[in-house]
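So the chains spell out like this:
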Amino acid sequence: EYSYIKDRKGFMKICVDAGKDIVPMYTFKSSWMYYNPGVLKGLRARISQKISIGLVGMCGRFGTSMPLRDDTVTVVFPPFEASRYKPGEVDEAHRAYMAHLKTHFDANKAEYGMPDTELVFVGRDFQDDDPVARCLRRVGLLRDARRPPRS
């Protein structure tokens, strides 16, 4: 289970600057609602973030946009006290927020049918390692996400 917030700190800066707390929520099994091919997930996530639209083929039950399952549950986690941090402590607050999310995800995952699922925070350094991505990197059409772009 991936959460693409590792490099996204703007929401935390806003909350810390305004002295507001965050009430996190998580929808368990939402990533299981549609067939999501395992190829180029990182690339699709980076493009999705740039254009603010998800790049997931809505292929569900019977090849339609009808979800494959309807047993998702949204859980409201305890508030994260972003108001405890000062404006210069955004990085520290962001790290603590991710730990807060992971703690509450782990505490609830078995109850909502995902006992063996790990929540992983990823960012720009996420490396696609599927066969398509390896092939595209080999022929030079996809760069290594962990390396800076060429000048």
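Quick note: structure is the one above.
Described in the following lines is the structure provided in the data block. (Residues numbered from 1 in each chain as written. Predicted model: local features only at pLDDT ≥ 70, side-chain atom pairs only at ≥ 80, totals over all residues. Heavy atoms only, no water.)

1. Points about the packing of aromatic side chains
Describing an aromatic ring pair means giving the distance of the ring centres and the angle of the ring planes. Going through the model one piece at a time under the given rule, you end up with 8 aromatic pairs. Between tyrosine 26 and phenylalanine 28 the ring centres are 5.0 Å apart and the planes differ by 65°, which places this aromatic pair in the edge-to-face class. Just as tyrosine 26 is buried, phenylalanine 28 falls in that class too. Counting every residue linked through ring pairs, the aromatic cluster contains Phe11, Phe80, Tyr85 and Tyr97. (Phe/Tyr/Trp six-rings, centres within 6.5 Å; stacked < 30°, edge-to-face > 60°. Buried < 20%, exposed > 50% of the residue type's maximum accessible area, 1.4 Å probe, protein only.)

2. Quick notes on the nonpolar core
In this structure, Met12, Val16, Ile22, Phe28, Phe80, Ala82 and Tyr97 are the most contacted members of the largest nonpolar core, which totals 21 residues. Broken down by secondary-structure element, the contributors of at least two residues to this core are α1 (10–18), β2 (25–28) and α3 (90–108). In terms of residue count, α3 provides more of this core than any other element does, 6 residues in total. Here alanine 82 is in contact with Met12, Cys15, Val16, Lys20, Asp21 and Ile22, once residues within four sequence places are set aside. (Core = buried A, V, L, I, M, F, W, Y, C linked by side-chain atoms within 4.5 Å. Helix = DSSP H or I, 4+ residues; strand = E, 2+ residues; numbered from the N terminus. Contact = heavy atoms within 4.5 Å.)

3. So, a nonpolar patch on the surface
Judged by side-chain polarity, Val23, Met25 and Val76 come together as a nonpolar surface patch covering roughly 300 Å² of accessible area. Relative to the elements of secondary structure, methionine 25 occurs in strand β2. (Patch = residues over 30% accessible without salt bridge, like charges linked within 9 Å, V, L, I, M, F, W, Y side chains within 5 Å. Areas by Shrake-Rupley, 256 points an atom, 1.4 Å probe, with all protein chains shown as cover. Salt bridge = Lys/Arg side-chain N within 4 Å of Asp/Glu carboxyl O.)

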